[in-house]
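# Coordinate inspection notes
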Amino acid sequence: QALEDQYSPSRWSPRLDRDTIIDAHLAVTAAGTERARASSQTSLHVPYGKGDGEKLDIYFPTDHSGTFPVLVYIHGGYWQCLSKDESGFAAPPLVSQGVAVVAVGYDTAPKGHMDTMVLQVRRCLAFLVEQYPGIRGIYLCGHSAGAHLAAMVLFTDWTEFHVVPDIKGAVLVSGVYDLEPILHTYVNDALNMSWEVAQRNSPMRHVAPAVPAACEVLVVVAQHDSPEFRRQSKEYSQALRAAGWSVSLLDLAGMDHFDVIEKLSENSYILTQV
């Protein structure tokens, strides 16, 4: 029960009770995405593969005739809920600065298996590089389960994809980097992961020495994330640093697991600025 509590982010926010915070989060991100779609030039539901969930939404900067950096946003939802359709809320401040924002869709559980989701996010990046030659540097941003998927992308053998994305940075927000504890909680009911699957897909178990071209990594954690979430972020950032990566840990005071990412729709929010 203690582990279940630790891996239930909705129990830890001082703002709202656990029954209302997830509904509130859905409402905020959906409304923000609607605003982003109304105010940006977009290409929506672009297929990057044949699967139903293998689609992405692109929010273009005003002038995208030349080259532009792109922020690839990978949503959370414990690998089993949410979608790209409420994942465009962070676009307006970035689009106004000449950055394209891509919201990635992937097959969530129980339809999607953990191995599948990791592969889909990797394939999505390969697709972007091939389809949009104007991209000048990719920045990954993932929240919660999305931070896990973004971290898995950092440790990809790109030879099988025949393309190497130019990943300049990764912003990992309130993520899970070791899946082993998840095996013992309700979260695994839908995921149905074995111990081997959890090991294979735990970024913490696959930290490779940084190569010269390694990107910068920003690990972000909220003050009101659970102690387990905070521990995982701290230990993962330490493991990356020990392997020679350029990594910073940003601990955001007053934030919880949900508003830490919601506020990316605001120009003045510290994480938007960073």
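Residue positions are counted from 1 within each chain, in the order its sequence is given. Only residues with pLDDT of 70 or above have their local features reported here, since the model is predicted, and side-chain atom pairs are shown and tallied only from 80 upward, although totals for entire chains, interfaces and linings are computed over all residues. Computation of side-chain values covers all heavy atoms of the structure but excludes hydrogens and water.

## Thoughts on the layout of surface pockets
- Its boundaries defined by the atoms lining it, the largest pocket holds a volume of some 490 Å³.
- Together, 20 residues line the largest pocket, and Leu 71, Tyr 139, Val 171, Leu 218 and Val 274 are the ones closest to its centre.
- For the lining of the largest pocket, the secondary-structure elements that each account for two or more residues are strand S3 (68–74), strand S5 (135–143), strand S6 (167–173), strand S7 (216–222) and helix H10 (270–273).
- If you add up the space inside the second largest pocket, you get close to 390 Å³.
- Definitions used throughout: a 1 Å grid over protein atoms alone; a cavity as a set of points that fits a 1.4 Å probe which cannot get out; a pocket as an open set with protein on both sides within 12 Å along at least five of seven lines; a lining residue as one with an atom within 4 Å of a point. In this structure, the second largest pocket is lined by 18 residues; those nearest its centre are Ile 22, Gly 77, Tyr 78, Cys 81 and Phe 258.
- Among the elements that make up the lining of the second largest pocket, the one with the highest residue count is helix H2 (residues 18–39) (four residues).
- Just so you know the grouping, Ala, Val, Leu, Ile, Met, Phe, Trp, Tyr, Cys and Pro go in nonpolar, Asp, Glu, Lys and Arg go in charged, and all remaining residues, Gly too, go in polar. Taken together, the residues that form the lining of the second largest pocket break down as eight nonpolar, nine polar and one charged. Grid points are joined across faces, edges and corners, and a volume is the space filled by probe spheres set on the points. Numbering of helices and strands runs from the N terminus, with a helix taken as a DSSP run of H or I at least four residues long and a strand as a DSSP run of E at least two residues long.

## Some thoughts on the pattern of salt bridges
- Whenever a carboxyl oxygen of Asp or Glu lies within 4 Å of a side-chain nitrogen of Lys or Arg, that contact is scored as a salt bridge. Counted according to the given criterion, the structure contains 17 salt bridges.
- Between Asp 256 and Arg 15 there is a salt bridge, and its shortest N-O distance comes to 2.6 Å. With Asp 256 in the loop between strand S8 (246–252) and helix H9 (259–262) and Arg 15 in the loop between helix H1 (2–6) and H2, this pair connects stretches of sequence that are 241 residues apart.
- Buried means the residue's accessible area, taken with a 1.4 Å probe over protein chains only, is under 20% of the maximum for its type, while exposed means over 50%, and partly exposed covers the values in between. Of the residues examined, Arg 15 reaches a relative accessible area of 41% and is grouped as partly exposed.
- Members of the salt-bridge network, linked through shared partners, are Arg 37, Asp 57, Lys 84 and Asp 85.

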